[in-house]
Structure formats: C-alpha cells, structure tokens
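Geometric and topological summary
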Amino acid sequence: WDNADFSRGVGTTFYQEFRTLNTDKPPFVRDVEAKVRRYLRSSYSAAWTLKITWEKAPAYGARTDTRRTVTYQAVLTTDGFRSYVLMLYQAGGMQWDYTRLAATNVLIGYT
C-alpha cells in the first residue's frame, strides 16, 4: 500500500462487516467463499467477513494531480480457524503514476 491522501476532499474510505455464522449469506460473502475455494483449493465457509473500500483515492505526493485516482479493496474473512485476505483492484490495476511518488520501490500487495 502506498499512502493515499484524502486531505483535498477527493476520495473516500468505507467498510462493511458481514457476520454470517448461522445466517443466510449475502451474494458478496458467497463470492468471497467461492474465490477462496477456487484459488486455494480449500473447502471454506465464512463466519465473518470485512470489506474495506478505498474509492477514488489519490496518491500522497500527487497533491497537484487528483485526477489519477484508484479504487481498491481489502477483504478479510475467517471461518474461525483459518483467515484470508483478498486484495482487489479496479479493472486496469493500480492507476497511480508511480514516477511521481516519493517512494521508488512500488509493490502492489503484501509480503
């Protein structure tokens, strides 16, 4: 993650929590479960899921250019024993101009 800069009134961050233990699961949670099963080849039934969205976030350091924004999400989910993180980016990936950022070692994802 790089630093997003919301100080100029551009972009927003919001979250939605899904507690699904012993309840009907909304389509979003069923989609998360399907992604975990598909990519990790594991049986999985979510008990809790948190979706965090950074919408139209401008990069820190791009103070004069708030036109290049990006929307991305982190989805945390657990069945009570195993936990997963899905990192989702808008179509086309990260749109920030990395040549204008203070850091030169840009990485999408986590280690």
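Small disclaimer: the values here were computed from a predicted structure and weren't measured.

Here we come to the overall build of the protein. Across its full length, the protein holds 1 helix and 4 strands. Going from the N terminus to the C terminus, the protein shows its helices and strands as β-α-β-β-β. Contacts in the protein between residues at least 24 apart in sequence constitute 61% of all its contacts with a sequence separation of at least 6.

What follows is about the pattern of salt bridges. Under the counting rule described, the total for this entry stands at 5 salt bridges. Where Glu 17 meets Arg 19, a salt bridge forms, and the shortest distance between an N and an O atom there is 3.1 Å. Taking relative accessible area as the criterion, Glu 17 reaches 38% and is therefore assigned partly exposed. Relative accessible area serves as the criterion here: at 64%, Arg 19 is assigned to the exposed category. A salt bridge links Arg 82 to Asp 79; the shortest N-O distance between them is 2.9 Å. A residue is classified by how much of its surface remains accessible, and Arg 82, at 32% relative accessible area, is partly exposed.

What follows is about the packing of aromatic side chains. Ring pairs (aromatic) are described by centroid distance and by the angle formed between their planes. For the coordinates displayed, the defined rule picks out 4 aromatic pairs. Ring geometry for Trp 54 and Tyr 72: centres 5.0 Å apart, planes at 15 degrees, overall stacked. Within this pair, whereas Trp 54 is found in strand S2 (residues 48-58), its partner Tyr 72 is found in strand S3 (residues 69-78), the two being separated by 18 residues in sequence. On the basis of relative accessible area, Trp 54 is assigned to the buried category, the value being 18%. An aromatic cluster is built from Trp 54, Tyr 72 and Tyr 89, whose rings are joined through pairwise contacts. Geometry around Phe 28 places Lys 51 over its ring, the cationic atom sitting 4.4 Å from the centre.

Calculation rules
Residues numbered from 1 in each chain as written. Predicted model: local features only at pLDDT ≥ 70, side-chain atom pairs only at ≥ 80, totals over all residues. Heavy atoms only, no water. Helix = DSSP H or I, 4+ residues; strand = E, 2+ residues; numbered from the N terminus. Contact = heavy atoms within 4.5 Å. Salt bridge = Lys/Arg side-chain N within 4 Å of Asp/Glu carboxyl O. Buried < 20%, exposed > 50% of the residue type's maximum accessible area, 1.4 Å probe, protein only. Phe/Tyr/Trp six-rings, centres within 6.5 Å; stacked < 30°, edge-to-face > 60°. Lys NZ or Arg CZ within 6 Å of the ring centre and 35° of its normal.

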